[in-house]
Every structure is written in C-alpha cells, then in structure tokens.
2 protein chains.
Amino acid sequence: MVDDEPDILEFLRYNLIKEGYNVLTAGNGEEGLKIAMAELPNLIILDIMMPKMDGVEVCRQLRNKPEFDRTVITFLTAREEDYSQIAALDVGGDDYITKPIRPRVFLSRVKALLRRSERAEVIEEPDVIEVSGLIIDKERVTVTKDEEVIELAKKEFELLHLLVSKPGKVFSREEIFNKVWGTDVIVGNRTIDVHIRKLREKIGEHYIKTIKGIGYKFEF
Amino acid sequence: MVDDEPDILEFLRYNLIKEGYNVLTAGNGEEGLKIAMAELPNLIILDIMMPKMDGVEVCRQLRNKPEFDRTVITFLTAREEDYSQIAALDVGGDDYITKPIRPRVFLSRVKALLRRSERAEVIEEPDVIEVSGLIIDKERVTVTKDEEVIELAKKEFELLHLLVSKPGKVFSREEIFNKVWGTDVIVGNRTIDVHIRKLREKIGEHYIKTIKGIGYKFEF
DNA sequence: CCGATGAGTTAACATATTCTTAATGTCGCG
DNA sequence: CGCGACATTAAGAATATGTTAACTCATCGG
C-alpha cells in the first residue's frame, strides 16, 4: 500500500491487519516500486496523488514488468477527480477506491479484489504438462517419454511447448515465429523446419504433424 | 445489463454501443437471469435496487452456476448505500459502479472489467461450426463426421468453410473465386469443379449441391 | 586465452503433396 | 441432335516442406 499521508496509511494498515492481512507500506512511489518488486504482493493499493512519482506512474511501470502482469492493482482517489480515475484504469489498474474511505466498504473491496486474484491464479498454467505419454516440464526444460528423460535445446523446447499448449490446434508458421522467435527477429524460412526435424528426431516422428500450406500441430 | 429504470438502461446502452460493444438488456432480475443463461455474456451489469429480484440475488444465483463462475459481474448502486455495496461484493460481485453515472468513467470502468475478463479468458472457445453432422474446426483445420476425423487440404478446407459459413446459400463461382482464391489470382474455371469433386469424395456426396448455371451450396 | 562443444541458423538440394490444367465424358434441355 | 454447363480423370506444374551438411557464434573448462 503506497500513500504519502502517514495517517491514512496507518489507518488502513490497522484495519487490514485486524482482518488478518499481511501489509507492507511505502510512503512514496519509488519506495513502493522497490518493495513491490522485492515482495511480489498479491494486491497493490496506490494513492494517485503523490509528490514525485504518482500512483498512475507506479502502476504503469509495474505493468511493464511481466511479473506484475496479473497482479491486482487498485487506486485510492478523491471522489470527484474523473480524470485520474480514467487514467488509472487506462493504465492497467483493476479498480479504484474513492476517498473518504469507509473501513467496512474498503475491506469488502479488498476482499473482492483478492478473491479475484485467487481466481486468476487458478488459471495459471502449471509448469508440467502431460499429453499423450509426453511429460513436458517447463521448469527443468525436459521431456519425459516412457520413463526416459529427453533433453531439448531451448528453441526446441519452446517450439514444443507452444504446440503442446493447445494440442490439436494448427499453428501457422507466422504464429510460431512470433511466439517462439519474437516479432523483431528475422530468420530464414527453413529454420522452423530444421527445428521441427530435430524435435521429431528426439521425441518421435508421429507427435508433430505437418498441415501443408497452413502449419504444424501437435497430435495426441 | 439489468436495470428496472428504462431511462438509465437506454442511456448506458447508447454509450456502450457507441463504443462498439454488444449489449443485451433486461428490465428485471428474472429476465436478466434468463438472458444471461442463454447468451453467456462476458460482462454482467446489475442494478442493485430492483423490485422482486434484486441485483444481489441475481448475482448469487449466477455464481452458483459453474458457467458463471468466472464471468465478471458488476453492480450499479446509489452512492451512499454502504450495506448494499458490502453485500454486493460478498456475494461474489467483482466491482460496483456508483450512481450518478458519468459516461466516461463508466466506459473506462467497463473497459477495465472486460480487459480483466479477457485475461481470464485464455481458455477461449474454439471456433467450430456444426452443420448436419459435420463438425468443422477452423483452429484444427479438420472436419469430423461420425466421430471420424477427415483431413482436408488447404483449399478444400477453405472452400468447405466458405460454403458452410452460410448453409443453404448459393455461392456463385465468381464469389467462390474471390473469397477462396482472392481477386488477383487467375485460374481456369474447371479448377473449382475439381476441388468440389475432392471435397465430395472426402466428406460425402450429398453435402454440396450444384445449382446449374448459378453455383454451389451446402445442403443441410 | 584457447579450443571444444553445441545451439541456432542458413543454403542447397531432395521429396511430397497440393493445385491446376487439359482432355474427355455425362447430363438435361430446347 | 447439338449445345451449354458441369463432372471426372490423370498427368504435370507449382509450392511447401524435408533433409543434410556446413557455418557462425556464444559458452565453458582447462
């Protein structure tokens, strides 16, 4: 929770702790950013009006980091500032809470926001995927087949992982380039084939199917 | 969007449609429930104060259904009703918007809520079309008939997909050329026939009907 | 600092499937 | 009977992909 007014900070902190929440506070934007990055909280509450770096800016910077892509961020704002409300949401905030703050409403809101964050977390993909006898372990970057561990190179693994992320779906070459190589890299068009070749060599021929003129898909 | 005041409903509907959203409205809780179940919207906006079934009750009922487990639900509420706000969030609502409503803030809020729902909707629905026993899956580029998966070549699939996109409609040869081959390619006029032939061979003879002098159509 | 190693890429050529064409056959209708 | 419109077939052209080997580049242990 980031706010430049110590009274408000203390007041809300007290209420949250009473409800059993773990609360970290910061008195300004920079400090807030630092603590957020170090602690990766489940919910971030930002005051909009702050000297130097305001809440909107903190939010913008956080949203640029992949680790905060899904963190729930909410703002505190004086009631009538339409503009900051809009900016807050446009910059990737999930909600805003208007001052003056009433403890019970505030707590309900926090509860709702955290429930949402939980829900979002359930969707999170697991690090291990299992399809048709292959166990793909994202953390170890390995594939296990018939009890045997197959080591894949990074690109090979990323390619396989993409295909396996939606078994049966046909991924076009363009799609594969964008997701595995990124939009800014340009590589020749035989490159994918070669990687497909090596993959098939390692995991077996029949898993990856070519759909001529369209792309590749993982078959189960 | 469910509200018992036609004026508000119309006002918000107008604003949402102007932004390109697809809006369904209902004047009371029951109707809202019915429409929600039939249409499975991405976002549900409920007025809290309504005669008979209020918004909180609608929300509670929706949240009990698995298909609405992750749908984003928000409430409309008069400013000072602390209690309903708390109830709204406790019953599984994701947010509430206070009246009086300001269009720009409202739209920003809706935008933020829908963005969230997108984030959650990684489990997106596949685009499959089902007609007379054929299941055409665009993502997988396959056709399934009697549990059997039929593989089509690219052009064959595109041709079938076009015909199936409007079952019963007669597509002229010219139309087929334009949509499947594109306006810049020139191919002989027996080409379509050949592809139709192969399609019929693969999916069965009776699905595609020739309308002499006009074109082809998909029969259901 | 050096050579070994291996991932990633490229180029050249081989292969395979899809697409198109062209020749010929069928059908219905005036 | 002859014509127009579509059907059928097989063969060749057009493309897309497969395959191999060589090259570049970064990394790592000695």
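Just above sits the structure.
Residues numbered from 1 in each chain as written. Chains lettered and ligands numbered in written order. Predicted model: local features only at pLDDT ≥ 70, side-chain atom pairs only at ≥ 80, totals over all residues. Heavy atoms only, no water.

Q: Mind showing me how you'd approach the overall build of chain A here?
A: In terms of helices and strands, chain A carries 8 helices and 10 strands. In terms of overall dimensions, chain A is more spread out than a globule: its C-alpha atoms have a radius of gyration of 23 Å, far above the 17 Å expected for 220 residues. Dimensions along the principal axes, computed over C-alpha positions, put chain A at roughly 65 × 35 × 25 Å. Taking the intrachain contacts of chain A between residues at least 6 apart in sequence as the baseline, contacts between residues at least 24 apart amount to 50%. Looking at chain A as shown, the accessible area adds up to about 11500 Å², and 51% of this sits on carbon and sulfur atoms. Here chain A contributes 34 positively and 41 negatively charged side chains, and the mean placements of these two sets differ by 5 Å. (Helix = DSSP H or I, 4+ residues; strand = E, 2+ residues; numbered from the N terminus. Rg over C-alpha atoms; globule rule 2.2 N^0.38 Å. Contact = heavy atoms within 4.5 Å. Areas by Shrake-Rupley, 256 points an atom, 1.4 Å probe, with all protein chains shown as cover. Lys, Arg positive; Asp, Glu negative; His and termini not counted. Charge placed at Lys NZ, Arg CZ, Asp CG, Glu CD.)

Q: Is there a simple way to explain the protein's contact with DNA strand C in this structure?
A: Close to DNA strand C lie 24 residues; A153(A), W181(A), G188(A), W181(B) and G188(B) are nearest. Each atom of DNA strand C within 4 Å of the protein was assigned to sugar, phosphate or base; sugar and phosphate come to 65%. G188(B) is positioned such that a nitrogen or oxygen atom in its backbone is 2.5 Å from a phosphate oxygen of DNA strand C. Counting only elements with at least two residues in the surface near DNA strand C, the list comes to α6 (154–165) and α8 (191–203) of chain A together with α6 (154–165) and α8 (190–203) of chain B. The biggest single contributor to the surface near DNA strand C is α8(B), with 5 residues. In terms of residue class, the surface near DNA strand C is built from 8 nonpolar, 6 polar and 10 charged. (Near = heavy atom within 4 Å. Polar contact = N/O pair within 3.5 Å; in protein donor to acceptor, adjacent residues only side chain to side chain. Nonpolar A, V, L, I, M, F, W, Y, C, P; charged D, E, K, R; others polar.)

Q: How should I be thinking about the pairing of strand β4 (residues 128–131) of chain A in this particular structure?
A: A regular strand places its side chains on the two faces of the sheet in alternate fashion. All names here are of chain A. Residues I129 and V131 of β4 are buried on one face, while the alternating residues V128 and E130, pointing to the opposite face, are not. As paired elements, β4 and strand β5 (residues 134–137) share 4 bridges and run antiparallel to each other. Residue pairing in the sheet places V128 in a bridge with D137 of β5. Here β4 folds back onto β5, and the loop between the two strands holds 2 residues, one of which, S132, carries a positive phi near 35°. (Buried < 20%, exposed > 50% of the residue type's maximum accessible area, 1.4 Å probe, protein only. Pairing = 2+ DSSP bridges.)

Q: Sorry, what's going on with the sheet that holds strand β2 (residues 72–78) of chain B here?
A: By definition, the strands of a sheet pair up through backbone hydrogen bonds, in either a parallel or an antiparallel sense. Residue and element names in this part refer to chain B. Strand order in the open sheet made by the 3 strands is β1-β2-β3, with parallel pairing throughout. Two strands bound the open sheet, and with one partner strand each, they are β1 (43–47) and β3 (95–99). Pairwise comparison of adjacent strand axes, ignoring direction, gives a mean angle of 25° for this sheet. Pairing of β1 with β2, which is carried by 5 bridges, proceeds in the parallel orientation. In the sheet register, I45 faces β2, and the bridge partner there is T74. Helix α3 (residues 55–63) rests against β1 and β2 of the sheet, and its axis sits at about 170° to β2. (Axes fitted to C-alpha atoms, helices over the stretch in contact; angles between N-to-C directions.)

Q: I'm lost on the protein's contact with DNA strand D in this one. Help?
A: Surveying the vicinity of DNA strand D reveals 20 residues, the closest of which are R197(A), R200(A), Y216(A), R197(B) and Y216(B). Of everything in DNA strand D that lies within 4 Å of the protein, sugar and phosphate atoms constitute 58%. Between DNA strand D and Y216(A), the relevant distance is 2.5 Å, taken from a phosphate oxygen to a side-chain nitrogen or oxygen of the residue. Mapped by element, the contributors of at least two residues to the surface near DNA strand D are α8 of chain A together with α8 of chain B. When grouped by side-chain class, the residues that make up the surface near DNA strand D number 4 nonpolar, 4 polar and 12 charged.

Q: Whenever I open this one, the packing of aromatic side chains confuses me. Can you help?
A: By convention here, two paired aromatic rings are described through the distance between centres and the angle between planes. Scanning the entire structure with this criterion turns up 4 aromatic pairs over all chains. Here the aromatic rings of F177(A) and W181(A) are separated by 5.7 Å at their centres, their planes lie at 65°, and the arrangement is edge-to-face. On the criterion of helical spacing, the pair formed by F177(A) and W181(A) is a turn pair, its members being 4 residues apart in helix α7 (residues 173–181). A ring pair is formed by Y207(B) and F218(B), whose centres lie 5.8 Å apart and whose planes are at 20°; its orientation type is stacked. Of this pair, Y207(B) sits in the loop between α8 and β9 (208–211) while F218(B) sits in strand β10 (residues 215–218), placing them 11 residues apart in sequence. The residues Y207(B) and F218(B) share a single accessibility class, namely buried. Directly above the aromatic system of F171(A) lies the positively charged group of K169(A), at a separation of 5.0 Å from the ring centroid. (Phe/Tyr/Trp six-rings, centres within 6.5 Å; stacked < 30°, edge-to-face > 60°. Lys NZ or Arg CZ within 6 Å of the ring centre and 35° of its normal.)

Geometric values such as these leave the question of function open.
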